[in-house]
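Architecture at a glance
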Amino acid sequence: MKLDDVLARIGEFSPYQLWVYHWYCMLAFSVAFHHLGQVFLGGASDHWCAPPDTLTTNCTTLDECQLQNSSFSVPVDDEDTARNEHNCMQYVSYFNVTEDAPLEECTNGYEFDHSQYTNTIQEDFTLVCKHKRSAALAQSVYFFGLLVGSIFFGSVADRIGRKPTLIICAVLQSSLGLITAFVQSFAAYVCLRFLIATASMGIYLITFVFATELVGLKWRNVAGNVVPIYWGLGIMLLAFLGYLVRDWRKLQIVLSVPTAVAVIYMPFLPESVRWLLSQGEVAKAEAIIHRAARASKVTIPEHPFDEKLEEEKSDRKYTALDLFRTPNLRKKNAQRYVQLVCCCHGLLWSFAEHC
């Protein structure tokens, strides 16, 4: 029998397949966490020029001190200039201030409003005023990492298998995510975000492929469409975590822990049967199929696959030219090419704007 016939025999989406499917799809949560995590990691907070240490204030609470400090240094925005005087400028002298008093850029650093966030990358790396656009640059670099990850880890998964590649990506995502929480420079943060993006795309791409390879033909569209639902649930959970944890370093750790947990249980999950058969690993594929049959209480032959399956396995090596071999493939890949060009065009514009 062919694989689709065997799956129809044991149940195209049996309880065993559903169990495996669920635990693989749980990895989409971590992808959503890192994909949109910077919304909270780099949450915008009000800021103003920090007053000099020699300036004394008479206050008792943190909020009262922040209000007095900001009143000393925050001028009123001038609509005739392009500069944001309110947040990025200070009076040259804090004494005898008048409406036409001269202004200068902040000389003592910045103070931040902590009513919403206790700490963000904007505060730690001073991504305000003339460096305001750097936070957006970090997200642009992240999206470029998604492109690199889809190309690189897609090829790796075809060579060494879905499961090993997923474990590699999960280890990279969790370890790099934890390291990111302790970096002290913005350059290191951006580089790590790029690497996390490559691993995240590897996780999502391979999870989607595995989900469609796991089930029978009748359930394939459903299995593929449910994976983004897990991703959407991850976004909902991210909003809840972002509400509870207001420090970006602590939040980064929280977002990286679930993938570390996944690394523990993933070795106990099976490899893709379709990939094993494509590599001629018939014995391993049969062991997984028998495990699924026992879980579904279905009897199948000891060797359910065609005896000539391994003999018929082609030694031909496929190349990128095979993507354009048939009219249908040419049409679909031309559409993908246009989408890729538009994506790269947007990235280039984003880099040009933020550099």
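In the block above lies the structure referred to throughout.
Structural notes, computed from the coordinates.

Turning next to the environment of Gly 145. By secondary structure assignment, the location of Gly 145 is in helix α8 (residues 134–160). For the pair Gly 145 and Ala 199, spaced 54 residues apart in sequence, the C-alpha to C-alpha distance is 8.5 Å. Not counting residues up to four positions away in its chain, the partners in contact with Gly 145 are Phe 194, Ala 197 and Thr 198.

Here Leu 36 is to be found in helix α3 (residues 27–36). The spacing of Leu 36 and Ile 235 is 199 residues in sequence and 7.5 Å in space, taken between C-alpha atoms. Those residues within four positions of Leu 36 in sequence are excluded, and the remaining contacts are Ile 235 and Leu 238.

A few words now on a nonpolar patch on the surface. A grouping of Leu 237, Phe 240, Tyr 243 and Leu 244 is seen on the molecular surface, where their side chains present a nonpolar patch of about 430 Å² in accessible area. The topology assignment puts Leu 244 in helix α11 (residues 220–244).

The tally for this structure, following the rule as stated, stands at 14 aromatic pairs. Arranged with centres 6.3 Å apart and planes meeting at 70°, the rings of Phe 29 and Tyr 230 form a pair that is edge-to-face. Of this pair, Phe 29 sits in helix α3 while Tyr 230 sits in helix α11; the two residues are 201 residues apart in sequence, bridging distant segments of the chain. For Tyr 230, a relative accessible area of 14% gives the class buried. The structure contains a cluster of three or more aromatic residues connected by ring pairs, namely Phe 125, Phe 186, Tyr 189 and Trp 248. Of note, Arg 246 hangs over the ring of Tyr 243, and the distance from its end group to the ring centre comes to 4.9 Å.

What counts and how
- Residues numbered from 1 in each chain as written.
- Predicted model: local features only at pLDDT ≥ 70, side-chain atom pairs only at ≥ 80, totals over all residues.
- Heavy atoms only, no water.
- Helix = DSSP H or I, 4+ residues; strand = E, 2+ residues; numbered from the N terminus.
- Contact = heavy atoms within 4.5 Å.
- Patch = residues over 30% accessible without salt bridge, like charges linked within 9 Å, V, L, I, M, F, W, Y side chains within 5 Å.
- Areas by Shrake-Rupley, 256 points an atom, 1.4 Å probe, with all protein chains shown as cover.
- Salt bridge = Lys/Arg side-chain N within 4 Å of Asp/Glu carboxyl O.
- Phe/Tyr/Trp six-rings, centres within 6.5 Å; stacked < 30°, edge-to-face > 60°.
- Buried < 20%, exposed > 50% of the residue type's maximum accessible area, 1.4 Å probe, protein only.
- Lys NZ or Arg CZ within 6 Å of the ring centre and 35° of its normal.

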